[in-house]
Structures are given as C-alpha cells and as structure tokens.
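Architecture at a glance
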There are 2 protein chains.
Amino acid sequence: MKFTIQKDRLVESVQDVLKAVSSRTTIPILTGIKIVASDEGVSLTGSDSDISIESFIPQRDGDLEVITIDRPGSIVLQARFFSEIVKKLPMSTVEIEVEQNHLTIIRSGSAEFNLNGLDAEEYPHLPQIEEHHAFQIPTDLLKNLIRQTVFAVSTSETRPILTGVNWKVEKGELICTATDSHRLALRKAKLDINEESSYNVVIPGKSLTELSKILDDGQDLVSIVITETQVLFKAQNVLFFSRLLDGNYPDTARLIPQESKTDVVVNTKEFLQAIDRASLLAREGRNNVVKLSADPAQSLEISSNSPEIGKVVETVQADDIKGEDLKISFSPKYMLDALKVLEGTEIHVSFTGAMRPFLLRTPNDDSILQLILPVRTY
Amino acid sequence: MKFTIQKDRLVESVQDVLKAVSSRTTIPILTGIKIVASDEGVSLTGSDSDISIESFIPQRDGDLEVITIDRPGSIVLQARFFSEIVKKLPMSTVEIEVEQNHLTIIRSGSAEFNLNGLDAEEYPHLPQIEEHHAFQIPTDLLKNLIRQTVFAVSTSETRPILTGVNWKVEKGELICTATDSHRLALRKAKLDINEESSYNVVIPGKSLTELSKILDDGQDLVSIVITETQVLFKAQNVLFFSRLLDGNYPDTARLIPQESKTDVVVNTKEFLQAIDRASLLAREGRNNVVKLSADPAQSLEISSNSPEIGKVVETVQADDIKGEDLKISFSPKYMLDALKVLEGTEIHVSFTGAMRPFLLRTPNDDSILQLILPVRTY
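Computed from a prediction, not measured in an experiment: that's the story for all the values here.

Looking at the overall build of chain A
Of regular secondary structure, chain A possesses 6 helices and 28 strands. Every one of the 378 residues in chain A was classed for burial, and the buried ones make up 53%. A separation threshold of at least 6 residues defines the contact pool for chain A, and within that pool the share at least 24 residues apart is 66%. Computing the positive centroid from 40 side-chain charges and the negative centroid from 55, chain A places the two 7 Å apart.

In structure tokens:
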C-alpha cells in the first residue's frame, strides 16, 4: 500500500473513526484503525465491537485531487499513536507506505515515522446489512431526536435495557423513548416511510451520543437501516454501525398521565434559572430536592432548604396557573435536564397531585414530552 | 451590615479571593470568605493560611456608584456556596444584609437566599507587614518572570525548598531561579531600587501561579514587600500575601557551565515542533527520551525509538552549528517546557558533551536561561 493524502482530510476522518476505538478492549487488534486504499479512495475503520465507524475519503473532491494512490492495499495501525502523529505532521500532505512485515512509513516534510502495523486481514469484518428497508431522516432532526431523549437513559446496569433508547416505528411515525425509571423523555417525528413498516428496537444510549458527535450540522438525509441485531446510520461518506440491546423495552405509555389537576404555563428560561439557583442549596440537603408550590390565585414559589447552610426562596411569575393548589418536591437535576431540551419560550407543566408523575411540554406541540417522578418529602 | 452592590464587581472579586480558599483546610472558618463593609467600600478576604488574598471594591468608581452602604459591618460566608450563588443571581445588583446570629440575607430580584454566616471576629488576621522597603515591578514583567521560571519547580516534597522559586535581589537586579534538580530556569530583571537593598527568599511555586492568575494584563506597577516570613504583592485593589519557604536555597550558580563544546542556533518553532513529534513515541519507551545528533557539517537530527510501537527520525535545518559532533539524549518534556517560555524566533543551545547539562538561551539576551540535564542512554 502506498498513497499521498491531504493531511486535513485524513485528520478529520481519523477523529471520526477514533470515537469507536476503546483502549479497554479484549480484542487487541481493535485498539487499531484499519486503513484500506483502493483506486476510489481511502477508507478508515474503528470499532469496539459494539459500535463500528467507517469513514471514506474519496480520491477526488470535485476538481481537487485529495489522494494520489500509488499502490492499493491495507494495514491496521495503533489508533492512539496514528491519530496523534497525523495531527502533528509538519506539512499539508502525508505519504503512507506499507513495507514488508506490515512496517508502515509515514512521511511528511522531513519527518519520518516507522510504525509497526498489523495485518488488516485479522481485523473483524463489519456487519453485513441488507439495505432493502432503509428510511431517511434529515441530520438536524436526527440530532434533535437524540439530544432530547438520550440524557434520560439509565446509567445503571441493573436493567440493561434501560441504558438504551427505544425506537419504535409505527404508522409512519418514529417514537423515541428513554427512561431511567425516575424520569422519561419522549420525542416523536413523522417519517417519509411506507405506513406498513414497523420496528421496535432499543439502541444503546452511548451509540447515539457518539453518532451525534460525528454528524455534521445541516439537513442532509441520513439513511437508517434496522435489522434484528444491528442498526446502521449512513451519512455522507460515513457508516455508523451499532449493535441493538437484547430484550423487551417496558411499556411506558401507561406511565403517562392522561389527565391533570394543576396546569402551569411559565417562561422556560425564568423557570429554569430559578430552579438552577434553588439547586445550589438542594445539593447539600439530605433529599437533594427543590420544592415548588403553585397557587392559582398567585404565582409559583420555588424553594430549597439545607439546614446547615441555609435556604432559598424565589417567586416566579407564571403566565397561567389553573386547577388545584399544589406543593410538590422533585430532583432539580431531572427538572433542569428536561427544561434544557424543551424548545420554545414557554413550557406547559401538568401535575396530577404531589405523589404522581408530572409532565413538561411545549405548548401546542405534541412531538415532545418530558415526565418526572416527584420525591416524597415530609 | 447591609449594602447593595453591582453584581459583576462582586463576582469578579469573589473569583479572585476564591483562589486562596481551600476546601481541605484544618481551620473550618477558612472555608469561608470574609466580607467587610465600610463607608469606603467592601473588602473580601480568602485564605488557606499559606496564601491570603484581599480584594477591595471601592464604593465609587469615578462617577459610578458601585456600592450603596446602608450599615457597615462584617460576616464570613461559606466560599463555595457564596461564589456560586452570586454568579447565578438574576439581577445586576445584589443586596446583602446580616441579621441576628450571623444569618445573612442575599436578595436579587425575587430570589432570596438565607445563609448561615460566621462571626468575622473569628477569622484569622492577615499578616501585618510594614511597607518601608517596597519595590515595584510592572504587571506584565512580573507575569513573565513567573511564567518563565515557575514551571521548573519540584513537585516532590522530598526537598521542600525546591518547590519554591528563589528570588534574589542584589545590586539593583532581581534573579528568579527554579529547579527540580533535573532542569533549571533562570530569569533576571533590572529593578528601580536602591543598589544597597538585598533579599534572598524562596516563594512557593503554587503562590506565584495563583498570583499570576489574578493579575490583570498591562503595565500597572505591582508593589512588592518582602519580610522574613512573608511576601506581599500589592496591585490595584488587590493584596496578595504568601508565606515564604524556610531554609536555604541551594547555590545553583555553579551548575551553569561557563564554556561550551557544541553551539547550535535554530528556529525555535521548527525545533519545538520536531521535538513534540518525536515525543509522541518517546512516551512509550522505557527511558522516555528523545535523541539529538548535531554534526557541524550537516544539520540536527532528532529521533526517538519505542521498540514495540515504532520509531521516528526528523532533520531540522540549523541556522548555525559550531564545535564538536554531538549525540545527546534528554527528556522531551523538559525540552518542550523550556522552549515554550523562551522568546524570539531563534534559540541558542550550548552543549558541553553528552553527559553535561546544556543551556538554552535567546541569542543576544542574557536575562533568561534554561538548563537541562541530559539522560544517559546506551
């Protein structure tokens, strides 16, 4: 293998596939990045066996020659060293040549690195996925779907299925749900898809977070292919594979209250900042809770109390309060997480009493919903 | 005590004095910030008993009233909570009022915090320093003196005196020296001071690092007062006290070679970047060294070798090489640290053989000098 490549393009692709490479792997070759040079271009692959990322750099970009291929071939190089080396090379082009015994020479200007490579034939094959049933989502929408749900997955391995986000496709609609059993995030989107298609899978939260990082901003379509054990996201020159989680996702629909006793509409930013201030003292308290009291005749009062340090109380002017008086306690962290992903200047909070889960929504938008369980305080 | 103050000014001062507050202190009241309000303004103090910082906010700034003092007084508030609270307050002004039993009310907009304060009388007094013998240094020069030496102090407590920077004033000149016994950094500066004045003290490296962080950029003069056990830096509205280290600083002058056998002049940036690249593979090697070979007939060759990973070799064009052939090994970290603080586009490196310390200097500038001990390799 021998080729010369624009350094910036190589650095960018290496950074993308590096996101799948873990230093804590039981398969030594997976600490490497696989490089394959063909007449069409150079492809890089990284994998931790849960996630695999393939980035392709085409030989030409319009009129610009990005790569000069002298001799096609392949090699696996230590990801950590290779990525740091290419970043620090002195010139704008890099020559990579594989000699005997997988010895790889990286040349740029007067710098010459010799790295001991590994046989690319030993590198695990990526999953073979048939693409009959792909559907498309614009990149910006996909990133929002992820951002507005993935924070709510469980970080505990007690119920592994809850560490993933449930993706359900039904009647032309995608419903993404995440819950750690203390709060739940739900986001829906209409798909341009055959109404007959239906899927119900659980994608690891970590995979979605990494996917989100390598997707560019913009509205380019990402193709999504779901199989029994794998999901593949295909963006411009990038393939992102993730395994799916085994098991059945719990039926969360029945957790969502269908009626409410107290309804509040309030400015998102003012509410968020007041909760944030109250959380400063909540952190120390034994219960780590913030209290909210809503009185239809008046406003919202947000308070917290940490006996040794002090207390805080703040009034937030609500745009509307309807229904019964209410005093409720909750984790400020869950509340802040939910408020940060809700769009719009106003939010609508629906309570069904101090001991029942409550809902946060954007008024007049049923595509997003956040549910939080209150904390019992006496 | 009761006053109203511009939030931004308070936040800024709190951030400054916070740098002296440690959460790991054996004196509980030192986890707090002391606040004193007088008719002239408000002063804040933080201390970990090694370093003490006092920041004064004058009641007026030109025509602008920064503080409205209703009732002078004093209080000590938990630093961690107080600093986070003031940062997150909703309005541009803050009212702080102390009621009975040191209960302190912090009001801003509709937010009201009640914090349990402590009696300011219990807070340790700052050192009393007589200012007969102050000398002045412009802020930018002071920050350079610190930056160009403090990185070389020892991080090990085996010889505590080496964790500080030696400040010696003699014949109108300040000489700052730091060494961890593997490398040495020296920086001199002419002072506008009586030629008779002489000092020889050791200032903890940590104190100088923190001082550097709170000094603004610019050329305002900082007054420096040195006593037997303390040093005081007086900048605009900030007093910075540090204890001095006990003991005699070693005589380092005899370590500095007075002659050389190989002299190299090279572009600082090219040399630094080549060392940086070579260090990528040095990190893994058992010796963690980079090799340099200088041949007056040719150029500099920089190389490193890590048997399992690979090797790197690079040629750097020197502007001048004089004297004997040389092969030498050194820690790339020490070399990079030294190169980063040397000013100018060129540096002059003087070697006295492979086993002797070598010097790095800016050509035609004897105010700064970096010394590095080589590593013996076979």
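Regarding the interface of chain A and chain B
Contacts between chain A and chain B engage 29 residues on the former and 29 residues on the latter. Taking both sides of the interface into account, the surface hidden between chain A and chain B amounts to around 2,700 Å²; carbon and sulfur atoms contribute 54%. Looking only at chain A, the three residues that lose the most surface to chain B are Lys88(A), Arg277(A) and Leu280(A), adding up to 22% of its buried area. The interface formed by chain A and chain B holds 2 salt bridges in total.

Brief notes about the packing of helix 2 (residues 79–88) of chain A against helix 5 (residues 268–282) of chain B
Between helix 2 of chain A and helix 5 of chain B, the shortest axis-to-axis distance is 10 Å and the interhelical angle comes to 175 degrees. Of the possible angle classes, the one that applies to helix 2 of chain A and helix 5 of chain B is roughly antiparallel. The residues of helix 5 of chain B that touch helix 2 of chain A, namely those facing Phe81(A), Glu84(A), Ile85(A) and Lys88(A), are Asp276(B), Arg277(B), Leu280(B) and Leu281(B). Classifying every residue of the contact of helix 2 of chain A with helix 5 of chain B gives 4 nonpolar, no polar and 4 charged.

What to know about the packing of aromatic side chains
Residues and elements named next belong to chain A. Going through the model one piece at a time under the given rule, you end up with 10 aromatic pairs over all chains. Seen from their ring centres, Phe351 and Phe358 are 5.0 Å apart, and the 40 degrees between their planes marks the pair as tilted. Comparing Phe351 with Phe358 shows no difference in burial state: the two are buried. One aromatic cluster is present, built from ring pairs that chain together Trp167, Phe233 and Phe240. Just above the ring of Phe81 sits the side chain of Arg80; from NZ or CZ to the centre is 4.8 Å.

Structural notes on the sheet that holds strand 17 (residues 221–226) of chain B
All names here are of chain B. The sheet built from 8 strands is open, its strands ordered 8-2-3-4-19-18-17-12 with antiparallel pairing. The sheet terminates laterally at strand 8 (73–78) and strand 12 (135–138), the two strands that pair on one side only. Shown here is a sheet whose adjacent strand axes are inclined to one another by a mean of 20 degrees, direction ignored. Seen against the sheet, helix 2 (residues 79–88) touches strand 2 (32–38) and strand 8 and runs at an angle of roughly 95 degrees to strand 8. Its contacts with the sheet put helix 3 (residues 139–147) on strand 12, strand 17 and strand 18 (230–235), and the angle it makes with strand 12 is roughly 85 degrees.

With respect to the relation of the copies chain A and chain B
For the pair chain A and chain B, the superposition axis carries a translation of 0.0 Å, the fit reaches an RMSD of 0.0 Å, and the rotation angle comes to 180 degrees. Both chain copies can therefore be described as sitting about a two-fold axis. Interface overlap between copies is the fraction of interface residues in one copy that are interface residues in the other; for chain A against chain B it reaches 100%, indicating a shared surface.

A look at the packing of helix 3 of chain B against helix 4 (residues 205–214) of chain B
All names here are of chain B. With their axes 10 Å apart at the nearest point, helix 3 and helix 4 run at an angle of 145 degrees to one another. The handedness of the crossing between helix 3 and helix 4 is left-handed. Across from Leu142, Lys143 and Ile146 in helix 3, the residues of helix 4 making contact are Leu208, Thr209, Leu211 and Ser212. Across the contact of helix 3 with helix 4, the residue classes break down as 4 nonpolar, 2 polar and 1 charged.

Quick look at the pattern of salt bridges
A side chain with one charge may pair with a side chain of the opposite charge, provided their charged atoms come close. One pass over the full model with this rule turns up 34 salt bridges over all chains. Between Asp337(A) and Lys333(A) there is a salt bridge whose closest N-O contact spans 2.8 Å. Of this pair, Asp337(A) and Lys333(A) are both found in helix 6 (residues 332–341), 4 residues apart, which corresponds to roughly one turn of the helix. Overall, Asp337(A) belongs to the buried group, its relative accessible area being 16%. With a shortest N-O distance of 3.7 Å, Glu173(B) and Lys190(B) are connected by a salt bridge. Separated by 17 residues along the polypeptide, Glu173(B) in strand 14 (residues 173–179) and Lys190(B) in strand 15 (residues 183–190) bring together distant segments of the chain.

Structural notes on a negative patch on the surface
All names here are of chain A. The grouping of Asp8, Glu12, Asp216 and Asp220 at the surface amounts to a negative patch. Secondary-structure assignment places Asp216 in the loop between helix 4 (205–214) and strand 17 (221–226). For Asp216, a relative accessible area of 62% gives the class exposed.

Considerations on the UniProt feature "domain: DNA polymerase III beta sliding clamp central" (unreviewed entry) in chain A
Under the UniProt annotation, "domain: DNA polymerase III beta sliding clamp central" (unreviewed entry) lies at residues 136–251 of chain A. The span residues 136–251 of chain A shows a helical share of 16% and a strand share of 42%, and its end C-alpha atoms are spaced 26 Å apart.

Rules of the game
Residues numbered from 1 in each chain as written. Chains lettered and ligands numbered in written order. Predicted model: local features only at pLDDT ≥ 70, side-chain atom pairs only at ≥ 80, totals over all residues. Heavy atoms only, no water. Helix = DSSP H or I, 4+ residues; strand = E, 2+ residues; numbered from the N terminus. Buried < 20%, exposed > 50% of the residue type's maximum accessible area, 1.4 Å probe, protein only. Contact = heavy atoms within 4.5 Å. Lys, Arg positive; Asp, Glu negative; His and termini not counted. Charge placed at Lys NZ, Arg CZ, Asp CG, Glu CD. Buried area = accessible area lost by both parts, 1.4 Å probe. Salt bridge = Lys/Arg side-chain N within 4 Å of Asp/Glu carboxyl O. Axes fitted to C-alpha atoms, helices over the stretch in contact; angles between N-to-C directions. Parallel < 35°, antiparallel > 145°, perpendicular 65-115°, else oblique. Nonpolar A, V, L, I, M, F, W, Y, C, P; charged D, E, K, R; others polar. Phe/Tyr/Trp six-rings, centres within 6.5 Å; stacked < 30°, edge-to-face > 60°. Lys NZ or Arg CZ within 6 Å of the ring centre and 35° of its normal. Pairing = 2+ DSSP bridges. Least-squares fit on C-alpha atoms with pLDDT ≥ 70 in both. Left-handed = near helix turned anticlockwise from the far one by under 90°. Patch = residues over 30% accessible without salt bridge, like charges linked within 9 Å, V, L, I, M, F, W, Y side chains within 5 Å. Areas by Shrake-Rupley, 256 points an atom, 1.4 Å probe, with all protein chains shown as cover. UniProt positions renumbered as here; feature names shortened; annotations may be inferred.

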